[in-house]
Amino acid sequence: MPTTKDFKLEELSKYFHLPEKAVAKELGICLTSLKKLCRSYGITRWPFRKLKSIQRTLAKVQDESAQPGVSAQYSAAGLVLECGDANNNVAPKSETS
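All values reported here derive from a predicted model rather than from experimental measurement. Residue positions within a chain follow its written sequence, with the count starting from 1. Per-residue local features are limited, in this predicted model, to residues with pLDDT of at least 70; the limit for side-chain atom pairs, both in listing and counting, is 80 or more; totals at the level of whole chains, interfaces and linings are taken over all residues. Neither water nor hydrogens contribute to the side-chain values; these are computed over all heavy atoms in the structure.

## Topic: the packing of aromatic side chains
In this analysis, rings of Phe, Tyr and Trp, with Trp reduced to its six-membered ring, are considered paired at centre separations within 6.5 Å, and the interplanar angle assigns stacked below 30 degrees, edge-to-face beyond 60, and tilted for intermediate values. The tally for this structure, following the rule as stated, stands at 1 aromatic pair. For the ring pair Phe16 and Trp46, a centre distance of 5.2 Å and an interplane angle of 85° mean the geometry is edge-to-face. Taken together, the residues Phe16 in the loop between α1 (9-13) and α2 (20-27) and Trp46 in the loop between α3 (31-40) and α4 (48-65) connect sequence positions 30 residues apart. Note on exposure labels: buried denotes an accessible area under 20% of the residue type's maximum, exposed denotes more than 50%, and partly exposed covers the range between, all computed with a 1.4 Å probe on protein chains only. The buried category is assigned to Trp46, whose relative accessible area is 12%. Strands here are runs of E lasting at least two residues and helices are runs of H or I lasting at least four, both read from the DSSP assignment and numbered beginning at the N terminus.

## Some thoughts on the nonpolar core
Ranked by size, the top nonpolar core spans 13 residues in total, and within it Leu12, Leu27, Leu34, Cys38 and Trp46 carry the most contacts. Contributions of two or more residues to this core are made by α2 and α3. Ignoring sequence-local partners within four residues, the contact set of Leu12 consists of Leu27, Leu34, Leu37, Cys38, Tyr41, Ile43 and Trp46. For our purposes a nonpolar core is just a set of buried Ala, Val, Leu, Ile, Met, Phe, Trp, Tyr and Cys residues, chained together by side-chain atoms within 4.5 Å. A contact between two residues is defined here by any heavy atoms of the two lying within 4.5 Å.

## Observations concerning the packing of α2 against α3
Running from N to C, α2 and α3 point in directions that differ by 100°, and their axes come no closer than 9 Å. Looking at the two axes, α2 sits roughly perpendicular to α3. Across from Glu20, Lys21, Val23, Ala24 and Leu27 in α2, the residues of α3 making contact are Leu31, Leu34 and Lys35. A per-class count over the contact of α2 with α3 returns 5 nonpolar, no polar and 3 charged. Helix axes are fitted to C-alpha atoms over the stretch in contact, other axes to C-alpha atoms as well, and angles between N-to-C directions run from 0 to 180 degrees. In these notes the angle categories are as follows: under 35 degrees is roughly parallel, over 145 is roughly antiparallel, 65 to 115 is roughly perpendicular, and the rest is oblique. Nonpolar residues are Ala, Val, Leu, Ile, Met, Phe, Trp, Tyr, Cys and Pro. Charged residues are Asp, Glu, Lys and Arg, and all others, Gly as well, are polar.

Encoded structure:
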């Protein structure tokens, strides 16, 4: 069974999309050991929930930008839409920039 010292930060970062308990089970270590390992790398909180929050926010913004009339909403808010990328993703840009 591996010890916590056997895991590098790069290996650990592959599991950031999973909850702590699932990662500990997958790695074959207890949750307390996983938390100690994270603290040794300067990770004070497991990033799973923050990543999920960012993904939800991004999906919401993308859904809203796909609806008709969004450019009018951005204009009313003082924002200008930039040209989309290859996937027609559009990001708001402040008029003062």
